[in-house]
Amino acid sequence: MEFLQSTDFWIGLVKIIWINIILSGDNAVVIALAARSLPPDQQKKAVLFGSGAAVVLRIVLTVVAAKLLELSFLQIIGGLLLLWIGVQLLGDEEEGEGDGKEYGSMMAAVRTILIADLVMSLDNVIAVAAAAKGSFVLLILGLAISIPLVIFGSTLMIKLMDRFPIIITLGAALIGWVGGETIASDVALQGFAAANPWLHHAAAATGAVLVVGIGKFMKSRAATM
């Protein structure tokens, strides 16, 4: 337990906690959007299962994330997946409440959470691993601490979405924004992106607009059928 007396250990832990606070926001939004389609009694289970599985996934990703990010077109595929998830979550939004509201399934919600977190965590785990500086104990502690952060954030977002529906649209736009950023960050586009600094923000904005536009179109089309 000598590492507990090390100043570097505590500085590294603070860094990891701070990174998780900053980077867990988009994950909390995805979990909230997916879980809110479930019956109220299943929402907490989906948040717990989704958050726990997501953190375990991050631990596994830490070992391979740096190598994965070197593969061409992987982030393009991941970004397109995020755009699809954002469109689905916004398109599945229900206006009805009470007995008239249709609910989704637990497995579908958890699957959506895991797919989105897999894509969104590639960059995150590299930042956490860098702060851990090779300390496995520090890495596990930091990622474990992120569980309550994501759970609290997701639970709060579900309540806010029920009270302020506009947050659902903003959340979907955020997923689209991250999807666009992910596509623009791919290794295959590295040279073009370096020569055109505007690409990163343009791709992010385009992703947000596409998700909201297509999602709203799907929702309105479903309402007229």
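Residues numbered from 1 in each chain as written. Predicted model: local features only at pLDDT ≥ 70, side-chain atom pairs only at ≥ 80, totals over all residues. Heavy atoms only, no water.

## A closer look at the overall build of the chain
What counts here: Strands here mean DSSP runs of E at least two residues long; helices mean DSSP runs of H or I at least four residues long; both are numbered from the N terminus. Contact between two residues is taken to exist if any of their heavy atoms lie within 4.5 Å; hydrogens are not considered. Shrake-Rupley sampling with a 1.4 Å probe provides the accessible areas, and residues are treated as covered by the protein chains on show and by no other component.
Each helix and strand in the chain was counted, giving eight helices and zero strands. The order of α-helices and β-strands along the chain, N terminus first, is α-α-α-α-α-α-α-α. For the chain, restricting intrachain contacts to residue pairs at least 6 apart in sequence, the fraction spanning at least 24 positions comes to 86%. Per element, the accessible surface of the chain, about 12,000 Å² overall, is 71% carbon and sulfur.

## Concerning the side chain of Thr182
Note the threshold: Here a polar contact means two N or O atoms within 3.5 Å. Within protein one must be a hydrogen donor candidate and the other an acceptor candidate, and residues neighboring in sequence count only if both atoms are side-chain atoms.
Residue placement: Thr182 occurs in helix 6 (residues 166-184). A distance of 2.7 Å separates a polar atom in the side chain of Thr182 from the backbone oxygen of Val178. Once residues within four sequence positions are removed from consideration, Thr182 is found in contact with Gln75, Gly78, Gly79, Leu82 and Val119.

## Focus: the nonpolar core
One broad trend across soluble globular proteins is that nonpolar side chains are buried collectively. Keep this limit in mind: Nonpolar cores were defined as sets of buried Ala, Val, Leu, Ile, Met, Phe, Trp, Tyr and Cys residues, with membership established by side-chain atoms within 4.5 Å. Residue burial is assigned from relative accessible area. The probe radius is 1.4 Å, only protein chains are included, and a residue is buried under 20% of its type maximum, exposed over 50%, and partly exposed in between.
The biggest cluster of nonpolar side chains holds 35 residues, and the ones touching the most others in it are Leu33, Leu82 and Met161. Of all the elements in the fold, those that place two or more residues in this core are helix 1 (7-35), helix 2 (40-68), helix 3 (74-91), helix 4 (106-132), helix 5 (136-163) and helix 6. Look past the residues within four positions of Leu82 in its chain and what remains in contact with it is Ala116, Val119, Met120, Ile175, Val178, Gly179 and Thr182. Ranked by size, the runner-up nonpolar core spans eleven residues in total, among them Phe9, Leu13, Ile16 and Leu139.

## So, the side chain of Asp186
By the element assignment, Asp186 lies in the loop between helix 6 and helix 7 (190-195). Residues within four places of Asp186 in sequence aside, it is in contact with Leu71, Ser72, Phe73, Leu74, Gln75 and Ile76.

## Quick look at helix 6
As a reminder, the rule being used: Expected helix span is given by 1.5 Å per residue-to-residue step, counting one fewer step than there are residues.
With 19 residues, helix 6 should cover 27 Å at 1.5 Å per step; its first-to-last C-alpha distance of 27 Å lies within 8% of that length. The buried fraction of helix 6 amounts to 14 of the 19 residues, a majority that puts the element mostly inside the structure.

## Remarks on unusual backbone geometry
At Phe73, a position not held by glycine, the phi torsion is positive, near 75°. In this fold, Phe73 is placed in the loop between helix 2 and helix 3.

## Regarding the packing of helix 3 against helix 6
Note the following rule: To get an axis, fit a line to the C-alpha atoms, keeping to the stretch in contact for a helix; angles then go from 0 to 180 degrees between the N-to-C directions. Angles are sorted into four bins: roughly parallel if under 35 degrees, roughly antiparallel if over 145, roughly perpendicular if 65 to 115, and oblique for all others. Three categories are distinguished: nonpolar for Ala, Val, Leu, Ile, Met, Phe, Trp, Tyr, Cys and Pro, charged for Asp, Glu, Lys and Arg, and polar for the others, with Gly belonging to the last.
Contact pair helix 3 / helix 6: the axes reach a minimum separation of 7 Å and the direction vectors enclose 170°. Of the possible angle classes, the one that applies to helix 3 and helix 6 is roughly antiparallel. Contacts between helix 3 and helix 6 involve Gln75, Ile76, Gly78, Gly79, Leu80, Leu82, Leu83, Gly86, Leu89 and Leu90 on the former and, on the latter, Ile168, Thr169, Ala172, Ile175, Gly176, Val178, Gly179, Gly180, Thr182 and Ile183. When its residues are assigned to classes, the contact of helix 3 with helix 6 shows eleven nonpolar, nine polar and no charged.

## Quick look at helix 8 (residues 198-224)
Residue pairs three or four apart in sequence face the same way in an α-helix, which turns once every 3.6 residues. Between the first and last C-alpha of helix 8 there are 39 Å, a value that for 27 residues agrees with the 39 Å anticipated at 1.5 Å per step. Within helix 8, the full set of buried residues consists of Leu199, Ala203, Ala204, Gly207, Ala208, Val211, Gly215 and Lys219. Looking at the buried residues of helix 8, the elements they touch are helix 3, helix 6 and helix 7.

## Comments concerning the packing of helix 6 against helix 8
For the record, the criterion: Working rule for handedness: look at the near helix, and if it is turned counterclockwise from the far one by less than a right angle, call the crossing left-handed; if clockwise, right-handed.
Where helix 6 meets helix 8, the closest approach of the two axes is 7 Å, and the angle between their N-to-C directions is 140°. Relative to helix 8, helix 6 is oriented oblique. In the packing of helix 6 onto helix 8, the handedness of the crossing is right-handed. Here helix 6 contributes Thr169, Ala172, Ala173, Gly176, Trp177, Gly180, Glu181 and Ala184 to the contact with helix 8, which in turn contributes Leu199, His200, His201, Ala203, Ala204, Ala205, Gly207, Ala208, Val211, Val212 and Lys216. Of the residues that constitute the contact of helix 6 with helix 8, the class distribution is eleven nonpolar, six polar and two charged.

## Side note on the packing of aromatic side chains
Condition: Each Phe, Tyr or Trp ring (for Trp, its six-membered ring) is paired with any other whose centre lies within 6.5 Å, and the angle between the two planes then decides the class: stacked below 30 degrees, edge-to-face above 60, tilted in between.
One pass over the structure, following the stated rule, counts one aromatic pair. With 6.5 Å between their ring centres and 85° between their planes, Phe192 and Trp198 make a pair best called edge-to-face. Note on Phe192: relative accessible area 46%, which makes it partly exposed.

## A closer look at the confidence of the model for the chain
We count it as follows: Confidence of the predictor in every single residue is expressed as pLDDT, which spans 0 to 100.
When pLDDT is averaged along the chain, the result is 80, and 86% of the positions lie at 70 or above. Here residues 95-100 is modelled with pLDDT under 50, and outside its nearest four sequence neighbours on either side it reaches three contacts, counting other chains as well.

## Focus on the environment of Ala144
In this fold, Ala144 is placed in helix 5. Judged by relative accessible area, Ala144 falls into the partly exposed class, the value being 38%. Taking the C-alpha atoms as reference, Ala144 lies 9.7 Å from Ile17; in sequence the two are 127 residues apart.

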